[in-house]
Amino acid sequence: MTISSINLAMSASSYGAYNQKLTSATKAELEKLGIQYNPNITEAEGKKLIQQTKTQNTENNSENGTTKNNQKDSLFEKAKELAQKLGIKVEENQNFDSLLSIIENSLEQKIQVNSNNEEMLKKLEGLSRELANIQAESNGSAGYNSTNQALMASLEMLSQYNKTFLY
């Protein structure tokens, strides 16, 4: 028997052993990743499953990041539109959170100034709802119901105060 045929025989036998038995390290990694596996799979198949799962997780993470950035950009555009409705000039390098704060302060001032103008208060109520919706979406809330209720309560109190004060 020549040396090359011995090497070939050894590599074939080690390949067969490698190909048939799942190592404990690979098994542990499969379990760690939550991959359902058959104990009869080979080491090569186990490694392939691990690689596929890691690749898929990486792709999902990058897609989620892109989606979040797109949502944030969309909310920023909505906030800009709301600011324009209120007559607020949005600077080019304006921060999203500071823009929301400016809009909120502007709405509060306009509500106080127009406390006797019911028509204007209704318009401001609609704009306040828009702001509450933007804030809720930016915080990841499914809805803005509690924010909206708080706003409605404060506007109701303001209207009651005005009625009492005027009569």
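Now for a description of the structure that goes with this document. This one's a predicted model, so the numbers in the text were calculated from it and none came from an experiment. (Residues numbered from 1 in each chain as written. Predicted model: local features only at pLDDT ≥ 70, side-chain atom pairs only at ≥ 80, totals over all residues. Heavy atoms only, no water.)

1. Re the nonpolar core
Ala79, Leu82, Leu86, Phe96, Ile103, Leu107 and Ile134 are the most contacted members of the largest nonpolar core, which has 20 residues in total. For this core, the secondary structure elements donating two or more residues are helix H3 (43–85), helix H4 (96–113), helix H5 (118–138) and helix H6 (145–166). Counting residues per element, this core draws most heavily on H4, at 6 residues. Not counting chain neighbours up to four residues away, the residues in contact with Ile103 comprise Ala79, Leu82, Ala83, Leu86, Ile88 and Leu131. The next biggest cluster of nonpolar side chains, apart from the first, holds 5 residues, and it includes Leu30, Ile35, Ile41 and Ile50. (Core = buried A, V, L, I, M, F, W, Y, C linked by side-chain atoms within 4.5 Å. Buried < 20%, exposed > 50% of the residue type's maximum accessible area, 1.4 Å probe, protein only. Helix = DSSP H or I, 4+ residues; strand = E, 2+ residues; numbered from the N terminus. Contact = heavy atoms within 4.5 Å.)

2. Observations concerning the pattern of salt bridges
Taken as a whole and assessed by the stated rule, the structure comprises 5 salt bridges. Ionic pairing is found between Glu77 and Lys80, a salt bridge with its closest N-O pair at 3.7 Å. With a gap of 3 residues between them, Glu77 and Lys80 both fall in helix H3, about one helical turn apart. A relative accessible area of 40% means that Glu77 is categorised as partly exposed. Of the charged contacts in the structure, one is a salt bridge between Glu137 and Lys78, with a shortest N-O distance of 3.7 Å. Remark: Lys78 occurs in helix H3 and Glu137 occurs in helix H5; sequence separation between them is 59 residues. Residue classification places Glu137 among the partly exposed positions, given a relative accessible area of 25%. For Lys78, a relative accessible area of 35% corresponds to the partly exposed category. (Salt bridge = Lys/Arg side-chain N within 4 Å of Asp/Glu carboxyl O.)

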